[in-house]
Amino acid sequence: MADHYEILGVSRDASDDQIKKAYRKLARELHPDVNPAPEAQERFKAVTHAYEVLSDPDARRSYDMGGQDAFGGMGGFGFGDIFDTFFGGAQTRGPRSMAERGQDALIRIDLTLDEVIFGAPKTLQIDTAILCETCKGSCTRPGTSMHTCDVCRGTGTIQRQVRSLLGNVVTSQPCGTCRGFGQTITDPCVDCRGQGRVRARRNLDVNIPAGVEDGMRLQLAGQGEVGFAGGPSGDLYVDVAVRQHEFFSRDGDDLQCILDVPLHDAVLGGVAEIDTFDGKVQIDIDAGAQSGDVVNIRGKGVTKMRGGRGDLRVVLQVETPTKLDAKQKELFRTLAKLRKSDAPKLAKHKPGIFGKRR
Ligand SMILES: [Zn+2]
Ligand SMILES: [Zn+2]
């Protein structure tokens, strides 16, 4: 650590007055408001600390004898205070506004797949702070008004004369009585207990855009909590949860479903009719259809957020019949004899094959 005398640029036998002058001169050059460079701020701290030590007779004596800094670093007086003592305190601000921005609110919304595919108007029921209608956010009982703080006379700050070894200086601090607002509520609104806002349940109509996904968070600006004293509202966030559908699932902008195909339709081909979100749709099953074959129906998927729609993929799953009567069993035995050369064998791996759902 550099020598405190060197830092201030004074000799070891400098008088209190010389030390004070040296510090004042350096602080004027190095104060962050004047000289925002990081090195200057570091030096400013060092200079201020050196002054802290050397301006205190006991600390200076202890330092001269090679002891520890009496202030143990930046403790004690504190660096802002020292500076304020010299240069007339923090800039005087006016009273601060009571109205604060309200907090954001969060709710969850459950949507059906149908609502996601096409978008849907929804009424959200939300519990938030709203503006107190009685006092309109003024916090005071109607017909009365805020009381100008007696202590700070409405300025929100307290000026204090401090006698120091440098002479009389003025410091200013936020007024404790009015918490810096400059005004106090002497006759609070009964309905909101002087808060300017009350809790209430309300309905909010929103249009859920098509294509939203499970886990998305929508932001509704200004629909959150009203702030204290009628301050601006926070935002409302809506977490989207999409309920699972019995038959259809979503893959990006596409929808997919599984169609159980009876064995004879898979062998001979056939036609199926399925209920989709766009009404009934006819599915052609080719002769020789296999499990995993996909029938793609264009434009019947999810509405994309930027317009257009994805596809509906119908995945075929051939059903092996299980409840056979005697005659049907006999027919399969006959078929088995006719196709004796067919035997179970390992199939080559097919990457990307669409498997079973869930
Ligand atoms: Zn009120
Ligand atoms: Zn006050």
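Bear in mind that the values here come from a model prediction, so they are computed numbers and not experimental data.

Enquirer: How should I be thinking about the overall build of the protein chain in this particular structure?
Expert: Of the regular secondary structure elements, the protein chain holds 8 helices and 15 strands. The 358 residues of the protein chain split such that 34% are buried. Here the contacts in the protein chain between residues at least 6 apart in sequence split such that 65% fall between residues at least 24 apart. Accessible area of the protein chain: about 22400 Å², with a carbon and sulfur share of 50%.

Enquirer: Looking at this structure, how should I read the sheet that holds strand β8 (residues 217-220)?
Expert: Across the sheet, 3 strands lie side by side as β1-β9-β8; this open sheet has mixed pairing. The sheet is open, and its two borders are formed by β1 (105-111) and β8, each paired with just one other strand. Neighbouring strand axes in the sheet, compared pairwise and without regard to direction, differ in orientation by 25 degrees on average. One ladder, built from 7 bridges, connects β1 with strand β9 (residues 236-242); its direction is parallel. By the bridge assignment for β9, D110 is matched with A241.

Enquirer: In this structure, what is going on with the sheet that holds strand β11 (residues 254-262)? I would like to understand it.
Expert: Through backbone hydrogen bonds, the strands of a sheet pair up, either in parallel or in antiparallel fashion. A sheet is described by the order of its strands in space; here 4 strands give the open sequence β10-β11-β15-β14, paired in mixed fashion. Single-partner strands in this sheet number two, and they are β10 (249-251) and β14 (294-297). The average angle at which neighbouring strand axes cross in this sheet is 35 degrees, direction not considered. Strand direction decides the pairing type here: β10 and β11, joined by 3 bridges, are antiparallel. If you follow D251 over to β11, its bridge partner there is D254.

Enquirer: Hey, could you run me through the coordination of the zinc ion (ligand 1) in this one?
Expert: When a metal holds four donors in a tetrahedron, each ideal angle between them is 109.5 degrees; when it holds six in an octahedron, the ideal angles are 90 or 180 degrees. Within the protein, the zinc ion (ligand 1) binds to C132 (SG), C135 (SG), C189 (SG) and C192 (SG); these donor distances fall in the range 2.3 Å. Around the zinc ion (ligand 1) sit 4 donor atoms; with metal-centred angles ranging over 103 to 115 degrees, the donor geometry is tetrahedral.

Enquirer: What's the story with the coordination of the zinc ion (ligand 2) in this structure? I'm lost.
Expert: For the zinc ion (ligand 2), the full set of protein donor atoms is C149 (SG), C152 (SG), C175 (SG) and C178 (SG), and the range of their distances to it is 2.2 to 2.3 Å. Around the zinc ion (ligand 2) sit 4 donor atoms, and with donor-metal-donor angles ranging over 103 to 117 degrees the site reads as tetrahedral. Along the chain, the residues that donate to the zinc ion (ligand 2) are spaced as C-x2-C-x22-C-x2-C. Residue C149 is found in the loop between β3 (147-148) and β4 (157-164), and its partner C175 is found in the loop between β5 (167-174) and β6 (183-184); the two are separated by 26 residues along the sequence. The same class applies to C149 as to C175, namely buried.

Enquirer: What exactly am I supposed to notice about the packing of aromatic side chains here?
Expert: The geometry of an aromatic ring pair is captured by two quantities: the separation of the ring centres and the angle between the planes. Applying the stated criterion across every chain yields a total of 3 aromatic pairs. Both rings, one in Y23 and one in Y51, keep their centres 4.5 Å apart while their planes meet at 10 degrees; by these two values the pair is stacked. Separated by 28 residues along the polypeptide, Y23 in helix α2 (residues 16-30) and Y51 in helix α3 (residues 38-54) bring together distant segments of the chain.

Enquirer: Even after reading the chapter, I still don't get the nonpolar core, so can you show me in this structure?
Expert: As a rule of thumb, nonpolar side chains are buried together in soluble globular proteins. Membership of the largest hydrophobic core comes to 36 residues, with the highest contact counts inside it found for L124, L236, L259, I283, V314 and L316. Residue contacts for L236: discarding those within four places in its chain leaves A105, L106, I107, L124, I126, L204, L218, Q219, L220, Q223 and G224. Counting 19 residues, the second largest nonpolar core, distinct from the first, contains Y5, A22, A50 and L54.

Enquirer: How should I be thinking about the pattern of salt bridges in this particular structure?
Expert: Two side chains carrying opposite charge are able to pair once their charged atoms lie near each other. Evaluation of the coordinates by the stated rule reveals 23 salt bridges. Here R12 makes a salt bridge to D64, at a shortest N to O gap of 3.8 Å. Of this pair, R12 sits in the loop between α1 (4-8) and α2 while D64 is found in helix α4 (residues 57-64), placing the two residues 52 residues apart along the sequence. According to the relative accessible area criterion, D64 is partly exposed, its value standing at 39%. Measuring nitrogen to oxygen at the nearest pair gives 3.8 Å for the salt bridge that ties E42 to K45. Taken together, the residues span about one helical turn, with E42 and K45 both in helix α3 at a distance of 3 residues. Each member of the salt-bridge network shares a partner with another, and the members are D3, R12 and D64.

Enquirer: Which parts of the structure should I look at to understand the packing of α2 against α3?
Expert: What describes two packed helices is the angle between their axes and the distance between those same axes. The contact between α2 and α3 brings their axes to 10 Å, and the two run at 160 degrees. Between α2 and α3, the angle falls in the class roughly antiparallel. Crossing angle aside, the handedness with which α2 passes α3 is left-handed. Contacts from I19, K20, Y23, L26, A27 and L30 in α2 reach A40, R43, F44, V47, T48, Y51 and L54 in α3. For the contact of α2 with α3, a count of residues per class yields 10 nonpolar, 1 polar and 2 charged.

Enquirer: Sorry if this is basic, but what is going on with the environment of L26 here?
Expert: In this fold, L26 is placed in helix α2. Of the residues examined, L26 reaches a relative accessible area of 12% and is grouped as buried. Between the alpha carbons of L26 and R43 there is a distance of 9.2 Å; along the sequence they are 17 residues apart. Not counting chain neighbours up to four residues away, the residues in contact with L26 comprise I7, L8, R43 and V47.

Enquirer: Any chance you could explain the pairing of β14 here in plain terms?
Expert: Walk down a regular strand and you will see the side chains alternate between the two sheet faces. Side chains V295 and I297 of β14 all project onto a buried face; the interleaved residues V294 and N296 project onto a face where none is buried. By the bridge criterion, 4 bridges tie β14 to strand β15 (residues 312-319) in an arrangement that is antiparallel. Bridge pairing in β15 places N296 opposite R313.

How each quantity is defined
- Residues numbered from 1 in each chain as written.
- Chains lettered and ligands numbered in written order.
- Predicted model: local features only at pLDDT ≥ 70, side-chain atom pairs only at ≥ 80, totals over all residues.
- Heavy atoms only, no water.
- Helix = DSSP H or I, 4+ residues; strand = E, 2+ residues; numbered from the N terminus.
- Buried < 20%, exposed > 50% of the residue type's maximum accessible area, 1.4 Å probe, protein only.
- Contact = heavy atoms within 4.5 Å.
- Areas by Shrake-Rupley, 256 points an atom, 1.4 Å probe, with all protein chains shown as cover.
- Pairing = 2+ DSSP bridges.
- Axes fitted to C-alpha atoms, helices over the stretch in contact; angles between N-to-C directions.
- Donors = N, O, S within 2.8 Å, 3.2 Å for Na, K, Ca; no water.
- Tetrahedral: all angles 85-135°; square planar, octahedral: opposite > 155°, others 65-115°.
- Phe/Tyr/Trp six-rings, centres within 6.5 Å; stacked < 30°, edge-to-face > 60°.
- Core = buried A, V, L, I, M, F, W, Y, C linked by side-chain atoms within 4.5 Å.
- Salt bridge = Lys/Arg side-chain N within 4 Å of Asp/Glu carboxyl O.
- Parallel < 35°, antiparallel > 145°, perpendicular 65-115°, else oblique.
- Left-handed = near helix turned anticlockwise from the far one by under 90°.
- Nonpolar A, V, L, I, M, F, W, Y, C, P; charged D, E, K, R; others polar.

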